[in-house]
Amino acid sequence: METEAVFSIESETIDINGMDAMVQFSRYNPFAKEDFATGLVLSDDLTNRFGTVLLSRGTELTPRHMERLIELKASNPSLDFLFKISRSAMLINRFRNEIKNDFMSLFQRQKRSNIFNDFLGSIDNRVDDFVDTVLSEENMTLLLYQMRFLCSSSKKSRRNLFMEHPLNMAMISLAIASSETYEPLVKRSRVKLLDTCKAALLHNHGALSRIDTVIDAPDESRVTVYWSACSEDISSMSAANLGNDVPESLSLLYEYQTGKRDFLNNSDWPSVLANVLVVSDLFLRNENGLFGEEVAPRKIVDRMNVLVTEHDLAELPVKALTLGLNLMDIFDFYRELGRLVKACPCNSATPYPLTGFMSPTLFLCRKSIRQCKFLDGSMSAVKIVRKFGELMPGDYHRCWLLTPKLIAFYKKHYYAIKGVVANKEGSVK
């Protein structure tokens with residue numbers, strides 16, 4: 001189901017294509033007519049395929065109108081309609097209220113969970129204001145309602161999971177950008193925090209506009225289809241008041257999915273924001289099982305810290321997330337790991353293994369520097385048969401300077417770091 005085919009936003013109208021879509025949009029139910037949406041005024045004549053006017057411009061739709069149109073379509077199955085609805089303050093306000101209710105209900109639900117309680121609690125007194133400010137912009141409200149409507153119109157069982165993802169993204173991204181870790185960069189700037197909310201809320205507009213196509217894609221290509229739909233849709237967001245920074249940050253988010261890493265260490269605001277989005281998205285889509293099994297938060301954060309050491313994620317947002325989720329033991333471990341790497345006098349120390357949920361237990365000499373007195377030259381410790389991180393195929397020797405220090409620290413934190421939630425053992429993607 002695509003935006004253009006069902007729900008499109010023109011300069012002065014909201015276009016609903018098809019009787020089935022209109023039934024859902026208007027909330028028509030013959031047994032609950034009191035739930036019918038008010039304020040649905042036609043901005044153009046409703047005609048049949050022969051040009052006959054069925055309802056004239058300016059008509060406010062009622063349950064009785066819907067009944068007549070449904071009967072007409074039942075007797076003429078090939079007949080369908082394009083409803084052009086006028087924008088009105090009443091209608092837009094209804095959209096705002098529905099979106100905000102969705103957001104705040106999810107926020108309260110997430111805040112009650114042990115893992116998110118403190119992290120989301122840190123923005124509890126600001127999130128309501130940010131949501132109101134974002135939704136005060138009419139086109140922003142329409143884009144978000146478009147996403148909501150298309151997901152609710154889909155009959156796929158996982159549609160709600162995809163619709164909740166941008167709402168969760170806004171919460172987590174805002175918590176990261178509001179953290180003490182980000183104080184030097186964001187300085188609690190209202191403009192930057194609003195940018196963060198807008199970018200997170202709209203980041204997967206393209207995928208939700210094609211939700212059936214995404215969900216129906218084969219398992220092995222669904223992630224690619226998802227991000228392709230997102231990146232191809234960025235121009236449609238131009239109707240919203242996003243400025244230049246938000247679209248640029250979204251472009252970087254999409255480019256990251258194709259392997260681009262150039263912006264990870266940049267300090268300009270679009271790059272900083274893109275790094276927040278990358279980390280929020282990676283954490284949430286693994287935590288809620290968007291593309292596979294759910295993964296325990298501790299396991300995701302452990303893997304993300306590994307990705308920082310492999311230069312695949314920016315350090316700052318991962319640090320903010322790790323500390324925000326009260327996973328201090330993981331943060332301390334990887335901080336110590338970084339300190340030990342820097343302590344090598346030959347700039348050759350490499351922790352091993354450092355992949356998946358396997359924290360390293362020894363240091364290898366990447367350059368096999370024979371003159372180093374700390375090199376274990378008696379026998380190789382590891383034989384690499386194919387490229388493994390920074391290590392190329394070959395034999396590698398243990399470092400006797402750093403390995404004992406690592407083992408001592410690792411033993412102290414082993415059980416805390418390795419603790420996982422038993423029913424969330426999927427792999428981090």
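Details of the structure are given in the entry above.
Presented here is an overview of the structure given in this document. Note that the coordinates shown come from a computational prediction; the quantities given were computed from them, not determined experimentally. (Residues numbered from 1 in each chain as written. Predicted model: local features only at pLDDT ≥ 70, side-chain atom pairs only at ≥ 80, totals over all residues. Heavy atoms only, no water.)

Side note on the overall build of the chain
So, point 1. Looking only at helices and strands, one finds 19 helices and 9 strands in the chain.
So, point 2. Seen through its C-alpha atoms, the chain measures out along the principal axes to roughly 90 × 45 × 40 Å.
So, point 3. Split into buried and exposed, the 429 residues of the chain put 52% on the buried side.
So, point 4. When contacts within the chain are restricted to residue pairs at least 6 apart in sequence, those whose partners lie at least 24 apart make up 67%.
So, point 5. Carbon and sulfur atoms make up 50% of the accessible area of the chain, which totals about 19700 Å².
So, point 6. Both charge centroids of the chain, one from 52 positive and one from 53 negative side chains, sit 7 Å from each other. (Helix = DSSP H or I, 4+ residues; strand = E, 2+ residues; numbered from the N terminus. Buried < 20%, exposed > 50% of the residue type's maximum accessible area, 1.4 Å probe, protein only. Contact = heavy atoms within 4.5 Å. Areas by Shrake-Rupley, 256 points an atom, 1.4 Å probe, with all protein chains shown as cover. Lys, Arg positive; Asp, Glu negative; His and termini not counted. Charge placed at Lys NZ, Arg CZ, Asp CG, Glu CD.)

Some points on helix α17 (residues 315–324)
So, point 1. Taken as a whole, α17 has its buried residues at P317, V318, A320, L321, T322 and G324.
So, point 2. Residues of α17 that are buried make contact with α5 (117–121), α8 (159–177), α15 (269–287), α16 (297–309) and α18 (328–342).
So, point 3. In the stretch just after α17, N326 is the one whose phi turns positive, near 60°.

Quick notes on the nonpolar core
So, point 1. Of all hydrophobic cores here, the largest spans 125 residues; its most connected members are F25, F83, L313 and L321.
So, point 2. Every residue in contact with F25, bar those within four places of it in the chain, is listed here: F7, I14, I16, A37, L40, R94, F95, Y145 and F149.
So, point 3. Judged by nonpolar contacts, the second largest core, of 7 residues, contains L362, V382, L391 and Y396. (Core = buried A, V, L, I, M, F, W, Y, C linked by side-chain atoms within 4.5 Å.)

Focus on the pattern of salt bridges
So, point 1. The full count for this structure, using the stated rule, is 22 salt bridges.
So, point 2. A salt bridge links R148 to D102; its shortest N-O distance comes to 2.5 Å. Highlighted residues: R148 in helix α7 (residues 138–153) and D102 in helix α4 (residues 89–111), separated in sequence by 46 residues.
So, point 3. Among the residues examined, R148 registers a relative accessible area of 21% and is labelled partly exposed.
So, point 4. For the salt bridge of K156 with D216, the shortest nitrogen-to-oxygen distance reads 2.9 Å. Taken as a pair, K156 in the loop between α7 and α8 and D216 in helix α12 (residues 211–216) lie far apart in primary sequence, 60 residues in all.
So, point 5. What emerges from the salt-bridge pattern is a single network uniting R27, R94, E98, D102 and R148. (Salt bridge = Lys/Arg side-chain N within 4 Å of Asp/Glu carboxyl O.)

A look at the environment of K156
So, point 1. Classification of K156 by relative accessible area gives partly exposed; the value is 25%.
So, point 2. Residues K156 and K405, 249 residues apart in the sequence, show an inter-C-alpha distance of 52 Å.

Examining the sheet that holds strand β2 (residues 13–17)
So, point 1. Across the sheet, which stays open at both edges, the 3 strands sit in the order β1-β2-β5 with antiparallel pairing between neighbours. A strand with exactly one partner marks an edge of an open sheet, and here the two such strands are β1 (7–9) and β5 (82–86). With direction set aside, neighbouring strand axes in the sheet form an average angle of 20°.
So, point 2. Note that β2 and β5 share 5 bridges and pair antiparallel. When the bridges of β5 are listed, I16 appears paired with F83.
So, point 3. In the packing of helix α2 (residues 19–26) onto the sheet, contacts are made with β1, β2 and β5, and the angle to β2 comes to roughly 125°. (Pairing = 2+ DSSP bridges. Axes fitted to C-alpha atoms, helices over the stretch in contact; angles between N-to-C directions.)

Quick notes on the state of the cysteines
So, point 1. Taken as a whole and judged by the stated rule, the model has 0 disulfides.
So, point 2. Here C197 stays unpaired: no disulfide links it, and the sulfur of C230, its closest cysteine neighbor, is 18 Å away.
So, point 3. When its relative accessible area of 7% is taken as the criterion, C197 is described as buried.
So, point 4. Cysteine C344 remains unbridged, with the sulfur of C346 as its closest cysteine sulfur at 5.2 Å. (Disulfide = S-S within 2.5 Å.)

Quick look at unusual backbone geometry
So, point 1. In this structure, R27 is a non-glycine residue whose phi angle is positive, near 60°.
So, point 2. By the element assignment, R27 lies in the loop between α2 and β3 (46–47).
So, point 3. Its relative accessible area of 37% is what places R27 among the partly exposed residues.
So, point 4. Residue H311 is not a glycine yet carries a positive backbone phi of 65°.
So, point 5. The residue H311 is located in the loop between α16 and α17 in this model.

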